Amino acid sequence: MKIIDTNLNLEEKVELLDDLQNLLEQQIELMQRGDMEGKRIEKLSERVNVLVEEVRRTGILETAQFNKKKEKIKNLYDCLYMAISARKDETQQQLNRLRKGKKTIVKYRGDI
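Here the structure is a predicted model, which is why all the values come from computation and not from measurement. (Residues numbered from 1 in each chain as written. Predicted model: local features only at pLDDT ≥ 70, side-chain atom pairs only at ≥ 80, totals over all residues. Heavy atoms only, no water.)

## Considerations on the confidence of the model for the chain
Worth spelling out the cut-off: Note: pLDDT gives the predictor's confidence per residue, expressed from 0 to 100. In this text, helices come from DSSP runs of H or I with a minimum length of four residues, and strands from runs of E with a minimum of two, each type numbered from the N-terminal end.
The predicted model of the chain averages 87 in pLDDT, with 90% of residues at 70 or higher. Mean pLDDT in the chain bottoms out at helix H3 (residues 67-111), which sits at 89, and peaks at helix H1 (residues 10-33), which reaches 92.

Pasting the structure below:
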């Protein structure tokens, strides 16, 4: 059974969830653009983790009042997962091309 922290008023709860939603949207945008600046993604992830822990601690998403927000955040996580998977696939394809190119160069170098 989750304990809901009543120290946060409704406005603070909404703000917390809005902040989390905004950060997730920023992460998705960066991933989709291919803008993988390590520090920026890392800082966003750190901030998301802090907010997620606060949401978990307070049990905000366990209340029926925030069912729509819960669904929206879940959908954003699904989008982020898909964006990360797509980026991973692209990176793997590039790595495979580089390896193939390296093998070709090594083969031709040996033939000279």
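That was the structure; now back to the text.
## Quick look at the nonpolar core
Short version of the rule: Take the buried residues of types Ala, Val, Leu, Ile, Met, Phe, Trp, Tyr and Cys, join any two whose side-chain atoms come within 4.5 Å, and each joined set is a nonpolar core. Using a 1.4 Å probe on the protein chains alone, a residue whose accessible area is under 20% of its type maximum counts as buried, one over 50% counts as exposed, and one in between counts as partly exposed. Every residue pair with non-hydrogen atoms within 4.5 Å of one another is taken to be in contact.
Counting 21 residues, the largest nonpolar core has Leu16, Leu17, Leu20, Leu24, Val55 and Ile60 as its most contacted members. Mapped onto this core, the elements with two or more residues apiece are H1, helix H2 (38-58) and H3. Ranked by the residues each element gives to this core, the list is headed by H1, at 8 residues. Setting aside chain neighbours within four positions, we find Leu17 in contact with Val55, Ile60, Leu61, Phe66, Lys69 and Ile73.

## Description of the environment of Glu46
Turning to its location among the elements, Glu46 is positioned in helix H2. A C-alpha to C-alpha distance of 23 Å links Glu46 and Thr91, two positions 45 residues apart in sequence.

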